[in-house]
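Structural features, examined
The lines below spell out each chain.
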Amino acid sequence: MEENSCCSHKIKERSEKEYKDLIHRLNRIEGQIRGIKGMVEKDAYCTDILIQVAAVNAALNSFNKVLLANHIKTCVIKDIKEGREETVEELLLILQKLMK
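A few points on the structure. All of these numbers come straight from a predicted model, not from anything done at the bench.

Here we look at a nonpolar patch on the surface
On the surface, a nonpolar cluster with roughly 260 Å² of combined accessible area is contributed by Y19, I23 and L26. Note that I23 resides in helix α1 (residues 16-41). Overall, I23 belongs to the partly exposed group, its relative accessible area being 32%.

Have a look at this one:
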C-alpha cells in the first residue's frame, strides 16, 4: 500500500450490530454538521458555533475509537494469525495519522 493512498482497496464484512452502530454514529454526526451549517446561515454567535464544532470533533473521535477497536479485534488479529505481520506497520501508520 502506498503511503499517500487514501484507501487500501480491501473490504471488511461487518456484523449487523457493528454496521448499525457505525451508521447510527455517522448519521448523528451528519445531523450535527447540518446543524452547524444552519447556525452559520442564521448568523449564530461564533462561540456557539465553536461549541458545536467541538461536539462534532468529539463525536468523530469517538467514531474513530470504535472503528479502530473493531479493526484491531478483527482484521489485525486475523492477519497476524495468518502471518501477515505487515498489518502491524499499517496499524502504526494509521495511528500516526489519527494522532496528528
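With respect to the packing of helix α2 (residues 46-81) against helix α3 (residues 86-98)
The geometry of α2 relative to α3 is characterised by a closest axis approach of 10 Å and an angle of 165° between their N-to-C directions. Classified by the angle their axes make, α2 and α3 are roughly antiparallel. When the axes of α2 and α3 are compared, the crossing they make is left-handed. Packed against α2, whose contacting residues are N64, L68, H71, I72, V76, D79 and I80, the element α3 presents T87, V88, E90, L91, L95 and L98 at the interface. Here the contact of α2 with α3 is composed, by residue class, of 8 nonpolar, 3 polar and 2 charged.

Some thoughts on the nonpolar core
By size, the foremost hydrophobic cluster in this structure holds 8 residues: L22, I29, I36, M39, I49, V56, A59 and F63. Going through the elements one at a time, α1 and α2 are the ones with two or more residues in this core.

Some words on the pattern of salt bridges
One pass over the structure, following the stated rule, counts 10 salt bridges. Note that E16 is salt-bridged to K20, the shortest N-O span being 3.4 Å. In this pair, E16 and K20 both sit in helix α1, 4 residues apart, roughly one turn of the helix. Each member of the pair E16 and K20 is classed as exposed. Across the salt bridge formed by E30 and R34, the nearest N and O atoms sit 3.8 Å from each other. Remark: R34 and E30 occur in helix α1; sequence separation between them is 4 residues, near one turn of the helix. Overlapping salt bridges bring together K78, D79, E82 and R84 as one network.

Cut-offs used in this document
Each chain has its residues counted from 1, following the order in which its sequence is written. Given that this is a predicted model, residues contribute local features only at a pLDDT of at least 70 and side-chain atom pairs are listed and counted only at 80 or more, while totals for whole chains, interfaces and linings are drawn from all residues. With hydrogens and water excluded, all non-hydrogen atoms of the structure serve as input to the side-chain values. Within the patch definition used here, like charges are joined within 9 Å and nonpolar side chains (Val, Leu, Ile, Met, Phe, Trp, Tyr) within 5 Å, considering only residues with over 30% relative accessible area and no salt bridge. Using the Shrake-Rupley algorithm and a 1.4 Å probe, accessible areas are obtained, with residue cover drawn only from the displayed protein chains. Salt bridges, as used here, are contacts in which a Lys or Arg side-chain nitrogen is within 4 Å of a carboxyl oxygen on Asp or Glu. Helical segments are the DSSP runs of H or I of at least four residues, strand segments are the runs of E of at least two, and each set is numbered from the N terminus. The cut-offs for exposure are 20% and 50% of the maximum accessible area for each residue type, with area from a 1.4 Å probe on protein chains only; residues under the lower value are buried, those over the upper are exposed, and the others partly exposed. In this analysis, axes come from line fits to C-alpha atoms, helices being fitted only over the stretch in contact, and the angle between any two N-to-C directions falls in the range 0 to 180 degrees. Note that the term roughly parallel is reserved for angles under 35 degrees, roughly antiparallel for angles over 145, roughly perpendicular for angles of 65 to 115, and oblique for everything else. A crossing counts as left-handed when the near helix is turned anticlockwise from the far one by less than a right angle, and as right-handed when that turn is clockwise. Contact between two residues is taken to exist if any of their heavy atoms lie within 4.5 Å; hydrogens are not considered. The nonpolar class holds Ala, Val, Leu, Ile, Met, Phe, Trp, Tyr, Cys and Pro. Asp, Glu, Lys and Arg form the charged class, and all remaining residues, Gly among them, are polar. Only buried residues count toward a nonpolar core. Its members are Ala, Val, Leu, Ile, Met, Phe, Trp, Tyr and Cys residues joined through side-chain atoms within 4.5 Å.

Coordinates in, geometry out; function isn't part of it.
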